[in-house]
Amino acid sequence: MKGNKLHFLILLLFSALQLVAQERIITGRIFDSNNSTPLPGVNVSIQGTTLGSITDFEGNFKIPIPEGSSNLLVSFIGYENKVVEIGSQNEFSIYLVEDIEQLEEVVVVGYGVAKKSDITGAVASVDAEDLTVIATENVEKALQGRVAGVQVTSASDPGGTAKVRIRGVGTINNSDPLYVVDGFPMNDITHIAPTDVESMEVLKDASATAIYGSRGANGVILITTKKGKSLTKPVFTFNAQAGVSQPTKTIKMANASQYSKLRLESNGFGEGSDEYNYLKETYESGTVGTDWQDEILKNGSFQNYNFGIAGGSDNNQYNFSTSYVKNDGIIDHNDMERFFVKFNNNSKLTKWLNFSQGIAYTRTDRSLLNKNFDNGSPFIVALWADPISPVYDEDGNYARTEWSNKNNPRRIVDEEQYKRAIINRFVGSLKMDAQLSKDIVFTSNFGVDYQINSQKKYAPEFFVSPNENRPVSELDEIRNQRTNWVWSNYINYTKKIGKSSFGAMVGGEMQYWQYNNINATGFDIPHNEKLRYMSAAQGTSYIAGSSQNISTIASGFARINYNYDSRYMLTATVRADGSSRFAEGNRWGIFPSFSAGWNLKEEAFLKSAEHLTELKFRAGWGQVGNQSSAGENDYLSAVTNNQRYVIDGKVVEGRIPTAMSNQDLKWETAEMTNFGLDIGLFDDAITLSAEYFIKNTIDMIVPMPVPIYVGAQPPAANVGSMRNNGFEFTANYRNIDHEFKWNIGFNITAIKNTVVELGGVGFIDAGSIGGLGFTTRTEVDHPMAYYYGYTTGGIFRSDEDIQAHVGPNGELLQPNAQVGDLKFLDLNNDGKIDDDDRSNLGSFIPKFTGSINLGGEYKGFDLNLFFTGSYGAQIVNAQKFYIESSKVVLNQTENYYNNRFHPVDNPNGNMHRVSADDPNNNMRFSDQYIEDGSYLRLQNIQLGYTFNDNIKSKMFVKKFRIYASIDNAFTITGYKGYDPSNIGDLKGDPLGQGVDMGTYPTSRIYSAGVNVTF
């Protein structure tokens, strides 16, 4: 028995040795046939078997070859499969050819994807790498200037938001676009780091956005985050960027000597008085005094670190990334710290069922800088505060700015350290794709967005003067939570019969929003940070409040696509939305769209045109809704409680209606028509795209006028309409066939805005500034929120000028004027200067906006320059009311000091004189406040170097790039404010657009970084 076992083992060993002798090892390397670049992750297998290998980062592979093997099968996504005969060869160099069919660019559309050549609507793609060029944690800010027809206005403070407008302002209400992240519709994308974006598409016309129905009126931005890839080993990436920031501009203010001179000219103090003598001495001594902007501004810093890992097999693909951003602003105690975590995973459970998950967590810790641009804003008070007063008194305490009678700007800044917000946000999604048949795929996608916001604002007690003090400390705390979930279910059907390709999609969706907020204020709170809690309040009184809301939408949608021979394309969509924001009779809206495309390049008469890659004409029409223009309960009367009255000597709790209702309120709808032309030349080395569009907003929601004695806010009604029409043009050229590679991109947009109807409301005045009054007016046949005021004709330089400024009957038009006062024009020629002489002074809407992108590569070096610009926008520099004022109490600009009229010191001055009582009312709203907001900015310049293969192999990395970058390198503009590009809506009101009461100064950021893949 033992002998048999021994014989068996010897036989088994002999068989194994014989098998090894029959098997050999072959090695090889896979390259791209175009540029001989090694290809990692290529699948190399023995044809007809399951034996195989995957190439490493340098394209190398090694496979044991059993006896009898004849061919290798080489396959890789984006390339044609290749069969290679093995023969007796042991080393191989294999070159793969790109598969043109696979490589054709695919873009994300609503509830699906499509080949770019099949797109019939106005859809623009953004290169994900472009979103990581500038130093920012905000994807929206990174979008600025990248797409024709998309205008981004960015707040410059750390963590500040951005206002995005697609094809202009379409309504007097909310014009924010809809964002869809991995199929999840939302209004806020701050949880996405720019490095996590795989692709971004901007849907601009109704034929593209109508599938999103009630939320597509202002455009849709689709974002796909990075996923893992099949058949790849883990790929690690590390990106780091750090730099310093500084204000690009400060406003030159008068120094102490100049300010004293202006105060003396105002004749506010009698000659010989102590005040007069002090001012005279300060002026004559040339005292510089305090530069308050310099006292509150500083150099800031920016840090951004990202680490990622991605990979996968046939059955599972994953992508994990984490980012950390720290942004210290250019003012003390103004900073933002944000931490991102993102994980995407896709599992192939069976041959027909895929299951994917996405999880994102973001934690933001930021200061709560006062940006109301009033008495509490350090930027505003730094302009207003007189330069005579010191920052601190002789005892080292804060000093009062006695001459301007304003709070100490340095004290305001130092209090910012006690105001912070912490935001925790979780976004998760589950998606299932079931291949029900060869042509039918069912998708179910469920997502949840949960956000908890905690704010704490502590105001310590202090005493500077009787006019600047806080006798009791205060603590304001706010807690709110937001929940948003959406569940989408839809079926996609595709079929190709001969030269005809059909596609159909039908589905339904439910979305739910909930908001809860509670706030409280306590008094006499200890200054000790460990005791700085509401429960530690030593005062007996509290102020508390709360608010909450729920909003829902139920939807059904469908789309049909038809393509004949890649020549003729048709798309039709329809969506029905039911929203809780409207009464039952008007709850549902139906939004259809149609579009068509004609690819002339595929016609027989152009197929032989070798240099013509693409020539496609597109046209589309559709309707989309804008439910954001309606509040959650605008169709109901709002009732306010806590109204206490004394009746028969007793305090009685009461409630009153504070907002009127309108049960007939319905959807605000945008009707759009679009015509487009796409051209590609010389294998798309040159690409051109042109669009003309008309966007009519109908049933626009407008507040109806009511008598003041009603005592309630007016009801909203669908009585308005507005039109935007314009032109977009994009051109790109790339030269990549030479050792020196370069590219240039250019886009330009021109939009005209007109209010068509306001439903009997004659006009709407807005943009109110304290003491100055309304600055904008919205009325029919004019742009929305145009500037409405008086027209000036220079200044009076002599009494003869005043006497010659008369009406048609010879009457003096400005009898109170003196030499050096402004001359106002009698536009209606009725012999008097009054409100009827006000007219259109311009608009914040530019004549055109655009950008230019230049890039070059040579022997590992790369250089990119990105310019943005705007022409024709007018801006109301409302700060002039305070800092270029006749009355001169606050500090004034150096510009006013140098250019004011004075009969002795400055007889050639072209600005109004100093006048304490201003009997001519020089400071009324007029064209003196209107400035040209045109600008050209070098938004970013970046120089990088990528190390060659020899150095990378020694460092054991796949890619190693270093770079230096400057953001906001320079701006060419005639605007005298801080920055013409980041002016938003005054007090958040769209009808106050372009009215600049002060902005956070823009920063120039010098940074360096590294990109590593290993």
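Predicted model, so just to flag it, every value in this text is computed and none were measured.

Turning next to the overall build of the chain. Along the chain, the regular secondary structure elements total 14 helices and 51 strands. For the chain, whose C-alpha radius of gyration is 34 Å, the value lies close to the compact-globule estimate of 31 Å for 1014 residues. Looking at the chain residue by residue over its 1014 residues, the buried ones come to 50%. Taken together, the 91 basic and 115 acidic charged side chains of the chain have centroids lying 7 Å from each other.

Before going further, it helps to examine a nonpolar patch on the surface. On the surface, Y568, W598, F605, F617, F675, L677, Y692 and F727 cluster together into a nonpolar patch covering about 750 Å² of accessible area. Locating F617 in the fold gives a position in strand β31 (residues 612-625). Here F617 falls in the partly exposed class, since its relative accessible area comes to 36%.

This part is about the pattern of salt bridges. For the structure shown, the criterion picks out 42 salt bridges. Here D130 and R146 are joined by a salt bridge, their closest N and O atoms 3.9 Å apart. With a gap of 16 residues between them, D130 in the loop between β10 (123-126) and α3 (139-142) and R146 in the loop between α3 and β11 (150-154) connect regions that are remote in the sequence. Accessibility expressed as a relative area gives 15% for R146, which makes it buried.

With domains assigned, the chain is organised as domain 1 (22-101), domain 2 (105-230) and domain 3 (782-1013). Spacing between the C-alpha centres of domain 1 and domain 3 amounts to 62 Å.

With that settled, the discussion passes to the sheet that holds strand β13 (residues 178-181). Spatially, the 5 strands line up as an open sheet ordered β10-β15-β16-β13-β14, and their pairing is mixed. A strand with exactly one partner marks an edge of an open sheet, and here the two such strands are β10 and β14 (184-186). Averaged over all pairs of adjacent strands, the angle between their axes in this sheet comes to 20°, without regard to strand direction. Relative to strand β15 (residues 197-203), β10 is paired through 4 bridges, and the arrangement is antiparallel. If you follow V123 over to β15, its bridge partner there is L203.

Attention shifts here to unusual backbone geometry. At Y111, a residue that is not glycine, the phi angle is positive and equals roughly 60°. On the accessibility criterion, Y111 (6% relative accessible area) is buried. One non-glycine residue, H333, adopts positive backbone phi at about 65°. With respect to the secondary-structure elements, H333 resides in the loop between β19 (316-328) and β20 (335-348). With a relative accessible area of 29%, H333 lands in the partly exposed category.

A few words on helix α5 (residues 256-265). Buried residues dominate α5, accounting for 10 of its 10 residues. Among the residues of α5, A256, S257, Q258, Y259, S260, K261, L262, R263, L264 and E265 are the ones counted as buried. Along its buried surface, α5 packs onto α6 (274-285) and α13 (894-899). Regarding α5, its N-cap is N255, as a side-chain oxygen of that residue lies 3.1 Å from the backbone nitrogen of S257 further along. Once α5 ends, the next one or two residues include N267, with phi positive near 55°.

Bringing the sheet that holds strand β3 (residues 52-54) into the picture now. Taken in spatial order, the 4 strands of this open sheet run β3-β2-β5-β6, and their pairing is antiparallel. Strands with a single pairing partner mark the edges of an open sheet, and in this sheet they are β3 and β6 (82-85). This sheet shows a mean twist of 20° between the axes of neighbouring strands, independent of strand direction. In this sheet, β6 lies alongside strand β5 (residues 71-75) in antiparallel orientation, the contact comprising 4 bridges. Residue pairing in the sheet places V74 in a bridge with K82 of β6.

Here we come to the environment of A1008. The topology assignment puts A1008 in strand β51 (residues 1003-1013). Residue A1008 is classed as partly exposed on the basis of its relative accessible area, which comes to 42%. Linking A1008 and R900, residues 108 residues apart in sequence, is a C-alpha distance of 45 Å. Those residues in contact with A1008, other than ones at most four positions away along the chain, are A240, Q241, A242, Y963 and A964.

Turning our eyes to something else, we now look at the pairing of strand β24 (residues 462-465). Here β24 pairs with strand β25 (residues 468-470) via 3 bridges, running antiparallel. Bridging across to β25, F462 finds its partner in R470. The hairpin turn running from β24 into β25, its antiparallel successor, is 2 residues long.

Here we come to the packing of α5 against α6. Across the interface, α5 lies against α6 with an axial gap of 8 Å and an inter-helix angle of 140°. The angle between the axes of α5 and α6 places the two elements in the oblique class. Both α5 and α6 take part in a crossing whose hand is left-handed. Here A256, S257, S260, K261, R263 and L264 of α5 lie close against α6, whose contacting residues are Y276, L279, K280, T282 and Y283. Residues that form the contact of α5 with α6 fall into these classes: 5 nonpolar, 3 polar and 3 charged.

Relative to β31, strand β30 (residues 588-599) runs antiparallel, the two being bridged by 7 bridges. By the bridge assignment, A596 is partnered in β31 with A619.

Right, let's talk about the packing of aromatic side chains for a bit. For the coordinates displayed, the defined rule picks out 31 aromatic pairs. A ring pair is formed by F31 and Y95, whose centres lie 5.1 Å apart and whose planes are at 20°; its orientation type is stacked. Here F31, found in strand β1 (residues 24-32), pairs with Y95, found in strand β7 (residues 91-96); they are 64 residues apart in sequence, far enough to count as distant. Residue Y95 is classed as partly exposed on the basis of its relative accessible area of 36%. For the cation-ring pair, R532 lies above Y458, with the distance from its terminal atom to the ring centre recorded as 4.8 Å. Its end group placed over the ring of Y897, R900 keeps NZ or CZ at 4.6 Å from the ring centre.

Looking at the element boundaries, N906 is found in the loop between α13 and β47 (930-932). Given the relative accessible area of 16%, N906 is considered buried. The residues contacting N906, other than those within four sequence positions of it, are N898, N899, R900 and F901.

Turning our attention to the environment of T362. Its place among the elements puts T362 in strand β21 (residues 353-367). Under the relative-accessibility criterion, T362 is labelled buried at 3%. Linking T362 and Q435, residues 73 residues apart in sequence, is a C-alpha distance of 34 Å. Each residue touching T362, except ones within four places of it in the same chain, is listed here: T190, H191, R338, F339, F340, I423, N424 and R425. Of note is the side chain of T362, whose polar atom sits 3.4 Å from the backbone oxygen of H191.

This brings us to the environment of I941. Checked against the element boundaries, I941 lands in strand β48 (residues 935-946). The partly exposed category is assigned to I941, whose relative accessible area is 24%. A sequence separation of 74 residues divides I941 from F867, and the C-alpha atoms of the two residues are 8.9 Å apart. Ignoring anything within four residues of it in the chain, the contact list for I941 reads L863, N864, L865, A964, S965, I966 and A969.

Owing to its 3.6 residues per turn, the α-helix brings residues three or four apart onto one side. Look at α6: 16 Å from first C-alpha to last across 12 residues, which is about the 16 Å you get at 1.5 Å a residue. Where the residues of α6 are buried, they touch α5. Directly after α6, the chain includes G286, whose backbone phi takes a positive value near 70°.

Cut-offs and rules
- Residues numbered from 1 in each chain as written.
- Predicted model: local features only at pLDDT ≥ 70, side-chain atom pairs only at ≥ 80, totals over all residues.
- Heavy atoms only, no water.
- Helix = DSSP H or I, 4+ residues; strand = E, 2+ residues; numbered from the N terminus.
- Rg over C-alpha atoms; globule rule 2.2 N^0.38 Å.
- Buried < 20%, exposed > 50% of the residue type's maximum accessible area, 1.4 Å probe, protein only.
- Lys, Arg positive; Asp, Glu negative; His and termini not counted.
- Charge placed at Lys NZ, Arg CZ, Asp CG, Glu CD.
- Patch = residues over 30% accessible without salt bridge, like charges linked within 9 Å, V, L, I, M, F, W, Y side chains within 5 Å.
- Areas by Shrake-Rupley, 256 points an atom, 1.4 Å probe, with all protein chains shown as cover.
- Salt bridge = Lys/Arg side-chain N within 4 Å of Asp/Glu carboxyl O.
- Domains from an automatic or database assignment.
- Pairing = 2+ DSSP bridges.
- Axes fitted to C-alpha atoms, helices over the stretch in contact; angles between N-to-C directions.
- Contact = heavy atoms within 4.5 Å.
- Polar contact = N/O pair within 3.5 Å; in protein donor to acceptor, adjacent residues only side chain to side chain.
- Parallel < 35°, antiparallel > 145°, perpendicular 65-115°, else oblique.
- Left-handed = near helix turned anticlockwise from the far one by under 90°.
- Nonpolar A, V, L, I, M, F, W, Y, C, P; charged D, E, K, R; others polar.
- Phe/Tyr/Trp six-rings, centres within 6.5 Å; stacked < 30°, edge-to-face > 60°.
- Lys NZ or Arg CZ within 6 Å of the ring centre and 35° of its normal.
- Expected span 1.5 Å × (residues − 1).

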